[in-house]
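Spelled out, the chains give:
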Amino acid sequence: MTFIRSERYAAGFLLLAGVLGLIMANLAFGPALIDAANEHLHTGLFGLDLSAKHWISDGLLSIFFFLIAIELKRELVIGDLNSFGKAALPALAALGGVAVPAGIYLLLTQGSGLAAGWPVPTATDIAFALGVLAVFGRGIPTRVRVFLLALAVLDDLVAILIIAFFFTQDPELQYIGFAAITATLFGVTSRLLKPRSPWVLGRKPVWPIIVLLIVLGVATWYFTYLSGVHATIAGVILGLVMARVPGGRTHHVLEPYSNAVILPLFAFSAALVAIPQVSLAELSPAFWGILVALPVGKLIGITLAGSLGSLISRRPNGSRSGLKFIDIVMVACLGGIGFTVSLLMGALAFAGSVEVVDEATLAVLLGSGFAILVSAVVVSARARQYRRAAETPRPAASPSTL
């Protein structure tokens, strides 16, 4: 499964699934396929009434958010966000990459009644952005990838907060309380798997603990769903409360399934959109707002905020972050690849209008596609510069310096 863990293959699976979903939705059997994806099963099981599409976006995607939260916790504890100095630059860049696209969207949709879609162009897809960098960025220094990873993780944190606070209506407090209890028990139980724990010694089996963790995780998701909070937030909570070392092992186990199954399934189902048979003038302002704000807004916001952060952030020795302006621009181009989380945001923001959801989905796909093409060109050019610099022999030291 090593190749499935690769960022380039993960991005490839995601892109292929999204393109396949869009193509199939516009073939002769497309309407039947879309109806099947939106068909509710009506099982009545424990009060759950979800379509196949919602089982993917609310259920399976929770596992993806669970992995994001584990990665975020690791970065905050021992990684590249474990101090104010390290987090300042990517944090400023991430905030710029949220504020500017949201502002551009609101400006382009002013007076249309579609202001609720402002969160859609604010997200960056970690898997896709890192995948494009891996494919086209041979020779790019590790510090640039670290900056992109930190920025994308913080960007996803903002997206999680937006989902929690702006897409929650009439929350049921009792179910929120139940979810808090099961999540707490999940966190406590996960600590029984820590190395050298007095509760897990010798050859004592750990599978009962793992089964209990699964039960508590499913219960937390169930209560979160019933509470009115978007169910993917359950994955975030569980990832943050899980003990770090078992969390890392869990991330390693689940990552291939997330890359090869969960994210492609979501991309496929989200891209099941019939291309509107309308003129460009008839497309809603939300379409144009997302199409422009996602790649252009991210480019402007991350570049400006990242450059400002690079100027004011200093290392202990007084030097700057080491990122050049062109590197920040390159990362800003990659930041315009919204895809997964932007698709989810679009479905949530325009839940009351199927037509606008479809147009928002197309805008995310087109905007992200444009960002991918621009990023591929910029990253390739910058990688060639780095490779040439590495191949250029350095002048020999003069005898006076020896």
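About the criteria used
Residues numbered from 1 in each chain as written. Predicted model: local features only at pLDDT ≥ 70, side-chain atom pairs only at ≥ 80, totals over all residues. Heavy atoms only, no water. Buried < 20%, exposed > 50% of the residue type's maximum accessible area, 1.4 Å probe, protein only. Helix = DSSP H or I, 4+ residues; strand = E, 2+ residues; numbered from the N terminus. Arc of directions from axis to C-beta. Contact = heavy atoms within 4.5 Å. Core = buried A, V, L, I, M, F, W, Y, C linked by side-chain atoms within 4.5 Å. Phe/Tyr/Trp six-rings, centres within 6.5 Å; stacked < 30°, edge-to-face > 60°.

J.: I'd like to hear about helix α3 (residues 30–38), residue by residue, with values.
T.: Considered for burial, the residues of α3 that qualify are G30, I34 and A37. All buried residues of α3 project into a common sector of 60° when viewed along the axis, lining one side. Seen from the buried face of α3, the exposed residues on the opposite side, beyond 90 degrees, are A32 and D35. As for α3, its buried residues are in contact with α2 (7–25) and α4 (52–77).

J.: Report on the nonpolar core, specifying residues and quantitative values.
T.: If you look at the biggest cluster of nonpolar residues, it comprises 88 residues, and the most contacted ones within it are F65, F128, I290, L334, M345 and F350. Per element, the largest residue contribution to this core is 13 residues, and it comes from helix α7 (residues 142–166). Apart from the residues lying within four places of it in its own chain, the contact partners of M345 are P119, V120, A159, I162, I163 and F167. Grouped together as the second largest cluster of nonpolar side chains are eleven residues, I70, F186, L213 and L238 included.

J.: Lay out unusual backbone geometry in plain terms, naming residues and giving numbers.
T.: At F339, a position not held by glycine, the phi torsion is positive, near 45°. Secondary-structure assignment places F339 in helix α14 (residues 339–349).

J.: Any chance you could break down the packing of aromatic side chains for me, citing the residues and the numbers?
T.: For the structure on display, the rule yields eleven aromatic pairs. Between W118 and F166, the ring centres sit 5.2 Å apart and the planes meet at 90°, which makes this aromatic pair edge-to-face. Here W118, found in the loop between α5 (84–108) and α6 (126–136), pairs with F166, found in helix α7; they are 48 residues apart in sequence, far enough to count as distant. A relative accessible area of 22% means that W118 is categorised as partly exposed. Judged by centre distance (5.6 Å) and plane angle (55°), the ring pair of Y222 and F223 falls under tilted. Classification of F223 as buried rests on a relative accessible area of 19%. Every member of this aromatic cluster is reached through a ring pair, and the members are Y175, F178, Y222 and F223.

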